[in-house]
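# Reading the structure
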Amino acid sequence: MPTNQKQNPYLPYIQNLLHAADLDLLPEEEKDDYIADVTAEIEKRVGLLLMQELSEDDFQKYTDLVTSVEVKDLEQVQRFLEGKIENWTGKFQNLLKQFADDFIATAKSIKLK
């Protein structure tokens, strides 16, 4: 189930992404669909990265943490990840940059056709 947009910590990033891909003028319903799909894809990629970086025990602790906190407590999640994964912030930023590059390139290639 995609993250509710009102509680979506990726929403500002996704809105910027849609703008960069010239998709911000889509009807609201289509934008909402893109936001839900992009959120799900980012969450999947973050999950895969965490599975690679965390031990099974730490991954379970992470899962327990994110299912028990509200979005306002994301700093607690961030502190946990920074304490468990060397250069977490850099790895997360690289993941988002790679996703943005792929998304924008794909969107522009589709527009050209």
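This next bit is on a negative patch on the surface. Where like charges cluster on the molecular surface, the negative patch consists of Glu29, Glu30, Asp32, Asp33 and Asp37. Along the chain, Asp32 turns up in helix H2 (residues 28-53).

Counted under the stated rule, the structure contains eight salt bridges. In this structure, Glu28 and Lys31 form a salt bridge, with 3.1 Å as the shortest nitrogen-oxygen distance. A residue pair is termed a helical-turn pair when its members lie 3 or 4 positions apart in one helix, as Glu28 and Lys31 do in helix H2 at three residues. Taking the relative accessible area as the measure of exposure, Lys31 reaches 17% and is therefore buried. For Glu53, the salt bridge goes to Lys91, with nearest N and O atoms at 2.9 Å. Of this pair, Glu53 sits in helix H2 while Lys91 sits in helix H5 (residues 88-112), and the two are 38 residues apart along the sequence. By relative accessible area, which is 31% here, Glu53 ends up partly exposed. Each of the salt bridges in this network shares a partner with another, and the network as a whole consists of Glu41, Lys44, Arg45 and Asp102.

Turning our attention to the environment of Leu11. Looking at where Leu11 falls in the secondary structure, it is placed in helix H1 (residues 11-20). Separated by 27 residues in the primary sequence, Leu11 and Val38 place their C-alpha atoms 9.6 Å from one another.

With that settled, consider the confidence of the model for the protein chain. Chain-level pLDDT for the protein chain is 88 on average; 88% of the residues reach the 70-or-more range. Mean pLDDT across the elements of the protein chain ranges from a minimum in H5, with 90, to a maximum in H2, with 94.

Running from N to C, H1 and H2 point in directions that differ by 120 degrees, and their axes come no closer than 10 Å. Looking at the two axes, H1 sits oblique to H2. Two packed elements cross with a definite hand, and for H1 against H2 that hand is right-handed. Where H1 abuts H2, its residues Leu11, Tyr13, Ile14, Leu17 and Leu18 lie against Lys31, Tyr34, Ile35, Val38, Thr39 and Ile42.

Let us look at helix H4 (residues 74-84). Residues of H4 that are buried include every one of Val77, Phe80 and Leu81, and no others. Along the axis of H4, the buried positions cluster into a sector of 95 degrees, meaning they face one direction only. Facing away from the buried side of H4 by more than 90 degrees, the exposed set consists of Glu75, Arg79 and Gly83.

This part covers H2. Over its 26 residues, H2 runs 37 Å from end to end, which matches the ideal 38 Å to within 8%, given 1.5 Å per residue. Along H2, the residues classified as buried are Lys31, Ile35, Val38, Thr39, Ile42, Val46, Gly47, Leu49 and Leu50.

Quick notes on the rules
Residues numbered from 1 in each chain as written. Predicted model: local features only at pLDDT ≥ 70, side-chain atom pairs only at ≥ 80, totals over all residues. Heavy atoms only, no water. Patch = residues over 30% accessible without salt bridge, like charges linked within 9 Å, V, L, I, M, F, W, Y side chains within 5 Å. Areas by Shrake-Rupley, 256 points an atom, 1.4 Å probe, with all protein chains shown as cover. Salt bridge = Lys/Arg side-chain N within 4 Å of Asp/Glu carboxyl O. Lys, Arg positive; Asp, Glu negative; His and termini not counted. Charge placed at Lys NZ, Arg CZ, Asp CG, Glu CD. Helix = DSSP H or I, 4+ residues; strand = E, 2+ residues; numbered from the N terminus. Buried < 20%, exposed > 50% of the residue type's maximum accessible area, 1.4 Å probe, protein only. pLDDT = per-residue confidence, 0-100. Axes fitted to C-alpha atoms, helices over the stretch in contact; angles between N-to-C directions. Parallel < 35°, antiparallel > 145°, perpendicular 65-115°, else oblique. Left-handed = near helix turned anticlockwise from the far one by under 90°. Contact = heavy atoms within 4.5 Å. Arc of directions from axis to C-beta. Expected span 1.5 Å × (residues − 1).

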